[in-house]
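As a plain string of letters, each chain reads:
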Amino acid sequence: MEHLLNRLIRLAAEKPDKQAVIFKKEKLTYRGLYLKISGMAALLKQHGVTHGDRVCFAAVSMPQMVAAYMAVQSCGAAAVFLDKNSAPLQMADICKRAGARLLLTDKPLGGQKICCPVLSLRQLYEQADLQGNEAACTKIDPAADDIAEILFTTGTTGMPKGVILTYVSVYHILSNTIKGIGIREDDCLLLPLPLHHSFALRVLRAVLYQGGTVVLQNGFTFAKEAEKNVEAFGCNALAAVPASFEVMKSQMQEAFARVLGKMRYIEFSAGSLSIRQRREITALLPDVQIYNTWGSSETGGAIFCNVSEAVHDKTKAGTLGKTLPGVRARVVDTKGNEMESDASHPGRLALKGDMLLAGYWSQPELTKQMLKDGWLITGDMVYQDADGFLFMLGRADDIINTGGEKVSPIEVEEMAGQYEWIRECACIGTDDPDGVLGQVPVLFVSVKSGYQEDGLLKFLSENMERYKIPKKIVSIQEIPRNHMYKPDRQKLLWMWENREAMDFMNPVMQALLARRSIRSYTDQKIPRQILDMILKAGYHAPSGHNMQSWRFTVLTRQSDLLLLKEKAEEAARKNSVYFYGWGNPSAMVLVSNDKRNPDGCQDASCAAQNIMLAAYSYGIGSVWLNPFMTLRSAEPVKSVLDAFGIPENHIVWAAVALGYPVSEGAALKKKEDVVRYV
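Residues numbered from 1 in each chain as written. Predicted model: local features only at pLDDT ≥ 70, side-chain atom pairs only at ≥ 80, totals over all residues. Heavy atoms only, no water.

Draft legend 1. Region of interest: the sheet that holds strand S9 (residues 188-191). Reading across from one edge, S2-S1-S10-S9-S11-S12-S13-S14-S15 is the order of the nine strands in this open sheet, with mixed pairing throughout. Because the sheet does not close on itself, it has two edges, and the strands there are strand S2 (26-29) and strand S15 (322-323). Here strand S12 (residues 265-268) runs beside strand S13 (residues 289-296); their pairing, made up of four bridges, is parallel. Bridge pairing in S13 places tyrosine 265 opposite glutamine 289. Packed on one face of the sheet, helix H3 (residues 63-74) meets strand S1 (19-23), S2 and strand S10 (213-216) and runs near 135 degrees to S1. Against the sheet, helix H6 (residues 167-181) makes contact with S12, S13 and strand S14 (300-306), and its axis sits at roughly 5 degrees relative to S14, the strand it touches most. (Pairing = 2+ DSSP bridges. Helix = DSSP H or I, 4+ residues; strand = E, 2+ residues; numbered from the N terminus. Contact = heavy atoms within 4.5 Å. Axes fitted to C-alpha atoms, helices over the stretch in contact; angles between N-to-C directions.)

And the structure:
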């Protein structure tokens, strides 16, 4: 058994020029990483770090974090990872709980008192002596029970739990990941996940252990950065959470399959892909191996599912997968005894193997409660089929007891998620308002244009038992998620309990918040009566002083649309005007206004917004194009607009393209710090 630090020391000698860690323009070879580890280890020792200490550090997605991680272990100390976004009070609390020797961070602490000395992680990394300090980083030979890492996780209780991983645990966690996914030396993995989380850490360890390359990225919210990293560094692997699939698909649009189709594999973890997602991603990326792994801070990745294979078997499409050799799983009852299980009689998942945690830091009672005779009793409700495949029904605390029947929120979400007008959903159990059934299911949904609640209820009634059908369906803009992008059921429960004080979605708000810019359309024509209603919404918009000096010029012939596009591109080149996003609309509305009207721009803007919202209500996509406010008088555009009958004294403030969308538009993150109450 070769520990990770020892492996990196060997790789530095055998593959000195191989890229180990990349972040933007910074690249560390295995030799460079070794020298950084060595220099940082020397500095840590100068600050008194020694065997048995705990060193806390901010797990920033940068090479400095990787070097610090290994430097701490080179000193014989235990690495304690902190969320880089933690508030100073939270950092202070973890340092106190861990009895830390040092805290390494560059986050301003705002005067918060810390129980140990604080050093700049960045400066430590920069000051690491790269000359003559190689002896500071030597091979380690830890005892079997030596602590390698402590992962503090809040879990569902909110109280931080320190998961103790020994060197033996860490080795078997990374070994399981290598075997379960098939990680190779030639893999270049894009890692856009927070590095204090167990999923990101086990993937980081496994790829480096195999001598591969890790490309770090600060989250996946901006898919363009992922696209650039894949292109620039030749990434052929990706670690992601299920929510990242939806974000990247939405933002990348047609580039999704082109960019991610270059992957050899994608591993999803920290949550299960829904059956709909599994079918969709394997269809979009047929040549990419898709995995979905069940794991936890206490176990690392323990149950592996080859989605690319499972999705073709109806009986296995939603499975968690199977354990690897060396990892034992069983289903137990409330007393911890093994039991026979099926979908109607689930039990708690219990696991055993060398990858398990040693216990919880300074919490002996919790350790005793969770670890029984070498088995970790998890809070997940599962059942196992005759072939040994495990299936998840949800957290034990989330299972809904309605009239004596057990309802899995995951099962409700899986089925509702297959309804074509649902973007995402989450189910919780709430007290029965009639006081009869104990609890009832409530479903929160974020929907697409064209959604009808009656349609969803009809779909569910045709595919689920009556007692599983939600008693209330609530539309919201988006499902709240925790730091690992899992549905935040506690927040949903709070929202339900405070529903009278909250403004849940009505149809108008739903349209306002759910409309997206659409640039790619099908060939389906927009019926004239619908187009007339959309235009009616336009000229019913507010108008300054009720002037109504606007004009709505509607183009529906493809010949007119192509002619205008061609001339606009020509004029844009001549006049250095940015021109993009035209696509292939079925219709276009040119909203113009008399340039003598000082409110002409505002009037046209209100009208254009009304047009786009009305289009959304009919399931029609739209996008605002605005080159013509600059090019109105530029040839050859002027001649075309004149021929369409637009008055010469009119400025075309907005061109609204319309059509039935090929796919959903990008769900771009909105800034929330732009509102100021006075």
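Draft legend 2. Expanded view of unusual backbone geometry. Here the residue pair glutamate 635 and proline 636 is connected by a cis peptide bond, since its omega of 5 degrees sits within 30 degrees of zero. Locating proline 636 in the fold gives a position in the loop between helix H21 (628-631) and helix H22 (637-643). The phi angle at alanine 270 is positive, at roughly 60 degrees, despite the residue not being glycine. Take alanine 270: it is sitting in the loop between S12 and helix H11 (275-284).

Draft legend 3. Representation of helix H15 (residues 453-463). Within H15, burial applies to Leu456, Phe459 and Leu460. Buried positions in H15, seen along its axis, are confined to an arc of 95 degrees and lie on one side of it. Those residues of H15 that are exposed and aimed more than 90 degrees away from the buried face are Asp454 and Glu462. Here the buried face of H15 lies against helix H14 (409-416), strand S24 (422-431), strand S25 (439-447) and strand S26 (472-475). (Buried < 20%, exposed > 50% of the residue type's maximum accessible area, 1.4 Å probe, protein only. Arc of directions from axis to C-beta.)

Draft legend 4. Here's a closer look at the side chain of threonine 177. Its place among the elements puts threonine 177 in helix H6. Setting aside its immediate chain neighbours within four residues, threonine 177 contacts Gly182, Ile183, Arg202, Ala206, Glu267 and Phe304.

Draft legend 5. Spatial organisation of a nonpolar patch on the surface. Nonpolar side chains collect at one region of the surface, where Val674, Val675 and Tyr677 lie side by side and expose about 410 Å² of accessible area between them. Relative to the helices and strands, valine 674 is located in the segment after strand S30 (650-659). In this structure valine 674 comes out as exposed when scored by relative accessible area, which is 59%. (Patch = residues over 30% accessible without salt bridge, like charges linked within 9 Å, V, L, I, M, F, W, Y side chains within 5 Å. Areas by Shrake-Rupley, 256 points an atom, 1.4 Å probe, with all protein chains shown as cover. Salt bridge = Lys/Arg side-chain N within 4 Å of Asp/Glu carboxyl O.)

Draft legend 6. Spatial organisation of the sheet that holds strand S29 (residues 621-625). Pairing in this open sheet of four strands is antiparallel, and the strands run S27-S28-S30-S29 from one edge to the other. Edge positions in the open sheet fall to strand S27 (550-555) and S29, since each of these has one partner strand only. Shown here is a sheet whose adjacent strand axes are inclined to one another by a mean of 20 degrees, direction ignored. Of the strand pairs in this sheet, strand S28 (residues 587-594) and S30 are connected by eight bridges, and their pairing is antiparallel. Pairing of aspartate 594 across the sheet is with histidine 650, part of S30.

Draft legend 7. Just the packing of H6 against helix H7 (residues 198-209), in detail. At their nearest, the axes of H6 and H7 sit 9 Å apart, and the two run at 75 degrees to each other. The angle between H6 and H7 falls in the class roughly perpendicular. Together, Val170, Tyr171, Ile173, Leu174, Thr177 and Ile178 of H6 and Arg202, Arg205, Ala206 and Tyr209 of H7 make up the contact between the two elements. In terms of residue class, the contact of H6 with H7 is made up of seven nonpolar, one polar and two charged. (Parallel < 35°, antiparallel > 145°, perpendicular 65-115°, else oblique. Nonpolar A, V, L, I, M, F, W, Y, C, P; charged D, E, K, R; others polar.)

Draft legend 8. View of the environment of leucine 216. If you trace the backbone, leucine 216 turns up in strand S10. Residues leucine 216 and leucine 195, spaced 21 residues apart in sequence, show a C-alpha to C-alpha distance of 9.3 Å. The contacts of leucine 216, once residues within four sequence positions are left out, are Val21, Ile22, Phe23, Ser61, Met62, Pro63, Leu191, Leu195 and Asn229.

Draft legend 9. Region of interest: the pattern of salt bridges. A complete count under the given rule lists 36 salt bridges for this structure. Put simply, arginine 557 and aspartate 560 hold a salt bridge, and the shortest N to O gap is 2.9 Å. Among the residues examined, aspartate 560 registers a relative accessible area of 13% and is labelled buried. Taken together, the shared-partner salt bridges connect Lys224, Glu227, Glu231, Arg258 and Lys262 into one network.

Draft legend 10. Focus on the environment of alanine 358. Inspection of the secondary structure assignment puts alanine 358 in the loop between strand S17 (347-352) and strand S18 (359-360). Expressed as a C-alpha distance, the spacing of alanine 358 and serine 61, which sit 297 residues apart in the sequence, is 27 Å. Excluding residues that lie within four positions of it along the chain, alanine 358 makes contacts with Ile164, Thr166, Thr367 and Leu371.

Draft legend 11. Seen up close, the packing of aromatic side chains. Inspection of every chain in the model, using the stated rule, returns 10 aromatic pairs. Centre to centre, the rings of tyrosine 69 and phenylalanine 81 are 5.1 Å apart; their planes meet at 75 degrees, and the pair counts as edge-to-face. Of this pair, tyrosine 69 sits in helix H3 while phenylalanine 81 sits in strand S4 (residues 78-82); the two residues are 12 residues apart in sequence, bridging distant segments of the chain. Seen from their ring centres, tyrosine 265 and tyrosine 291 are 6.4 Å apart, and the 75 degrees between their planes marks the pair as edge-to-face. Here the residue tyrosine 265 occupies a position in strand S12, and tyrosine 291 occupies one in strand S13, the gap between them amounting to 26 residues. One exposure class covers both tyrosine 265 and tyrosine 291, and it is buried. Members of the aromatic cluster, joined through ring pairs, are Phe57, Tyr69 and Phe81. (Phe/Tyr/Trp six-rings, centres within 6.5 Å; stacked < 30°, edge-to-face > 60°.)

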